[in-house]
Amino acid sequence: MRTLELDAPGWHTHRAGQHLDVRLTSEDGYQAERSYSIASAPGEPLAITVERLEDGEVSPYLVDEVRDGDVFEVRGPIGGYFVWDGDEPEPVLLVAGGSGVVPLAAIAKHRARVGSEAPMRLLYSSRSWDEVIYRDELAKLDVDVVYTLTREQPPDWKGYARRIDDDLLREVAFAAAESPRVYVCGSTHFVDAAADGLVRLGYDPMWVRTERFGATG
Amino acid sequence: MGIISRGFRGRRQDGPPDRVPPGQYLTDDFPVLSAGPTPHTPLEEWTFELRGAAEPVSWTWEELKALPSEEVTKDIHCVTKWSKLDTRWQGVSVDTLLEAVEHDAPYALAFCDGGYTTNLPIEDLTDGKAWVAYNYGGEPLEDEHGGPARLLVPHLYFWKSAKWVRGLQLLDEDEPGFWEQNGYHIRGDPWLEQRYWGD
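Predicted model, so just to flag it, every value in this text is computed and none were measured.

A. Inspection of the overall build of chain A at higher detail. A tally of regular secondary structure across chain A gives five helices and 10 strands. Against the globule reference of 17 Å for 217 residues, chain A gives a C-alpha radius of gyration of 17 Å, in line with a compact fold. For the C-alpha atoms alone, the extent of chain A along its principal axes is close to 55 × 40 × 30 Å. Considering chain A as a whole, with its 217 residues, one finds that 44% of them fall into the buried category. The long-range share in chain A, meaning contacts at least 24 apart out of those at least 6 apart in sequence, stands at 69%.

Right, dumping it as structure tokens:
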């Protein structure tokens, strides 16, 4: 996992939750493109957080190889649906699986920057405490963060220690009567489990915005 | 050629160049891209409707399955950059469905469970280019991939192959669908890399 700050001349601002495309070109003209969620809040220096995928083509380069001053092409911002602008009054539930926290952290930081008073809660499922990203940044925000550590827990762990299920969602999610806005991001499996569970809790499917990572990159 | 990225070589998994459009990479997986939860409409409540012609026409699930179907093997290309070759589908040609109505509409808007829509010129839906597909790889199409039935328009980016499709609205004027209102290209030809607004 690595966060890269990008100096992109001509970049206009983005909306929290959007993504961008990275295009790499080798010396002989071979190109590879991938999409990455924008990790920074609007107005912060533009950044992406990249998870290194073992069989990936672009992510190992961005995590292991890229150095200060290297250049590659960036296109964006992209996407107009999985976004939160900060003037929406409804409570916001963010549900993150692993590196799916990236665009959700951007939303949580944006809330602080614009001074929104919409209640916001982040349910963050990670395999272990060591794999939690943005831990310190999230702690500084005035957002409820509820962790569940699905594989390995610190010895004194008192939080959730299982995959997201309906009981866990019922305990953590806002009541359906509050008509919350929901953003779920993670692997396909994770997103389906969380989104289906929220619909079973009485959430209108139209409240639930999803973004899924195929394990390719 | 773009800006050279120092030290980048790439994996160069070689797809046949005439089958992998620019900016795409091959995958054996079948990744999922959806804007919201997966709908699970019971088959007894499912219908496929053609609206916007002189008279609306509708098929139940049983009626749709009773129509002549075709088995096709197609390459598919998602705007999120993956392509998958030789995917096997079975479904009803949109030509067969459109024979049921009198119309001269130049455009259509596919509508779906979950509120999703996508727009297409009729030209991209006819002459053996599009199907309402209900089997994938010889099995009933799974919900997460758009089951019980999805539109299949493989020559365009795969968001045009609307999951959970429930019908086509025939239109005189083109009307942007869901992704098309949210930053994605109005037509989406992968060979022209029509990914986003402005492409």
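B. Looking closely at the interface of chain A and chain B. Between chain A and chain B, the contact holds 36 residues from the first and 33 residues from the second. Elements that contribute at least two residues to the side of chain A that touches chain B include exactly β2 (19–25), β3 (31–37), α1 (59–65), β5 (73–78), α5 (188–200) and β10 (208–213) of chain A. Across the side of chain A that touches chain B, the residue classes tally to 13 nonpolar, 11 polar and 12 charged.

C. Broad picture of the domain arrangement of chain A. All names here are of chain A. Taken domain by domain, chain A consists of domain 1 (2–78) and domain 2 (92–213). Measuring from the centre of the C-alpha atoms in domain 1 to the corresponding centre in domain 2 gives 24 Å. Contacts between domain 1 and domain 2 engage 11 residues on the former and 11 residues on the latter. Taken together, the residues of the side of domain 1 that touches domain 2 break down into five nonpolar, five polar and one charged.

D. Inspection of the sheet that holds strand β2 (residues 47–51) of chain B at higher detail. Residues and elements named next belong to chain B. Spatial ordering of the open sheet is given by β3-β2-β11-β6-β7, a layout of five strands whose pairing is mixed. Where the open sheet ends on each side, the last strands, each with one partner, are β3 (57–60) and β7 (117–121). Neighbouring strand axes in the sheet, compared pairwise and without regard to direction, differ in orientation by 15° on average. Where strand β6 (residues 107–112) lies against strand β11 (residues 165–171), six bridges are found, and the strand directions are antiparallel. Each residue of the ladder has a partner; that of C112, found in β11, is V165.

E. View of unusual backbone geometry. Following G76 of chain A, the chain continues to P77 of chain A via a peptide bond in cis, the omega torsion being 0°. Following G147 of chain B, the chain continues to P148 of chain B via a peptide bond in cis, the omega torsion being 15°. Tracing the sequence through the fold places P148 of chain B in the loop between β9 (139–140) and β10 (150–152). For D127 of chain B, which is not glycine, the phi torsion reads 60° and is therefore positive. Within the secondary structure, D127 of chain B is located in the loop between β7 and β8 (131–136).

Thresholds, definitions, all that
- Residues numbered from 1 in each chain as written.
- Chains lettered and ligands numbered in written order.
- Predicted model: local features only at pLDDT ≥ 70, side-chain atom pairs only at ≥ 80, totals over all residues.
- Helix = DSSP H or I, 4+ residues; strand = E, 2+ residues; numbered from the N terminus.
- Rg over C-alpha atoms; globule rule 2.2 N^0.38 Å.
- Buried ≥ 20, exposed ≤ 12 C-beta atoms within 10 Å, placed from the backbone.
- Contact = placed C-beta atoms within 7 Å.
- Nonpolar A, V, L, I, M, F, W, Y, C, P; charged D, E, K, R; others polar.
- Domains from an automatic or database assignment.
- Pairing = 2+ DSSP bridges.
- Axes fitted to C-alpha atoms, helices over the stretch in contact; angles between N-to-C directions.

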